[in-house]
Amino acid sequence: QVQLVESGGGLVQAGDSLRLSCVTSGRTFSSYLMGWFRQAPGKEREFVAAISWSGGVTHYAHSVKGRFTISRDNAKNTVYLQMNSLKPEDTAVYYCAADNRPYTVVVRTTPTEYEYWGQGTQVTVSS
């Protein structure tokens, strides 16, 4: 049974930083593409960032490029999202997601392309 558990969310001020973590269990973490999504109240879930199974390829939403960095530590079965220069519009529940196709070379950016999801962690940025 695959499980993803996010942590690291919180309440911060605009301009601050946060680092989210997502620990996975239940299968070989290092073989799969991982992604971060977010969902604000009343809005659809949107893509934030993704990282290939090897960590060699990353992709970001335009709204976070240059401010957020996705990374992974395969030895710790963990994917991270470093968020700098946070803005009030970054406020949302952030979700970690895992692909179900090993060694994929395609970066996936829509929620339906991911098989497994964490429970989410709230990030609130005050102005």
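Preceding this section is the structure that the text describes.
Residues numbered from 1 in each chain as written. Predicted model: local features only at pLDDT ≥ 70, side-chain atom pairs only at ≥ 80, totals over all residues. Heavy atoms only, no water.

Thoughts on the overall build of the chain
1) Next: When you go through the chain residue by residue, the secondary structure sums to 0 helices and 11 strands.
2) Next: Taken from the N to the C terminus, the helices and strands of the chain come in the order β-β-β-β-β-β-β-β-β-β-β.
3) Next: Over its C-alpha atoms the chain spans a radius of gyration of 13 Å, differing by no more than 12% from the 14 Å that the globule rule assigns to 127 residues.
4) Next: In the chain, the proportion of contacts linking residues at least 24 apart, taken out of those at least 6 apart, comes to 59%.
5) Next: Working note: accessible area of the chain is about 6,400 Å², and carbon and sulfur atoms make up 48% of it.
6) Next: Considering the chain, the positive charge centre built from 12 side chains and the negative charge centre built from 10 side chains are found 4 Å apart. (Helix = DSSP H or I, 4+ residues; strand = E, 2+ residues; numbered from the N terminus. Rg over C-alpha atoms; globule rule 2.2 N^0.38 Å. Contact = heavy atoms within 4.5 Å. Areas by Shrake-Rupley, 256 points an atom, 1.4 Å probe, with all protein chains shown as cover. Lys, Arg positive; Asp, Glu negative; His and termini not counted. Charge placed at Lys NZ, Arg CZ, Asp CG, Glu CD.)

Points about empty space enclosed by the protein
1) Next: In the structure shown here, the tally under the stated rule is 1 cavity of 30 Å³ or more.
2) Next: In this structure, the largest cavity encloses a volume near 30 Å³.
3) Next: Val 2, Leu 4, Thr 24, Arg 27, Phe 29, Met 34 and Ala 98 are the residues that line the largest cavity.
4) Next: Residues of the lining of the largest cavity, tallied by class, amount to 5 nonpolar, 1 polar and 1 charged. (1 Å grid on protein atoms, 1.4 Å probe; cavity = no way out; pocket = protein on both sides within 12 Å on 5 of 7 lines; lining within 4 Å. Points joined across faces, edges and corners; volume = space filled by probe spheres on them. Nonpolar A, V, L, I, M, F, W, Y, C, P; charged D, E, K, R; others polar.)

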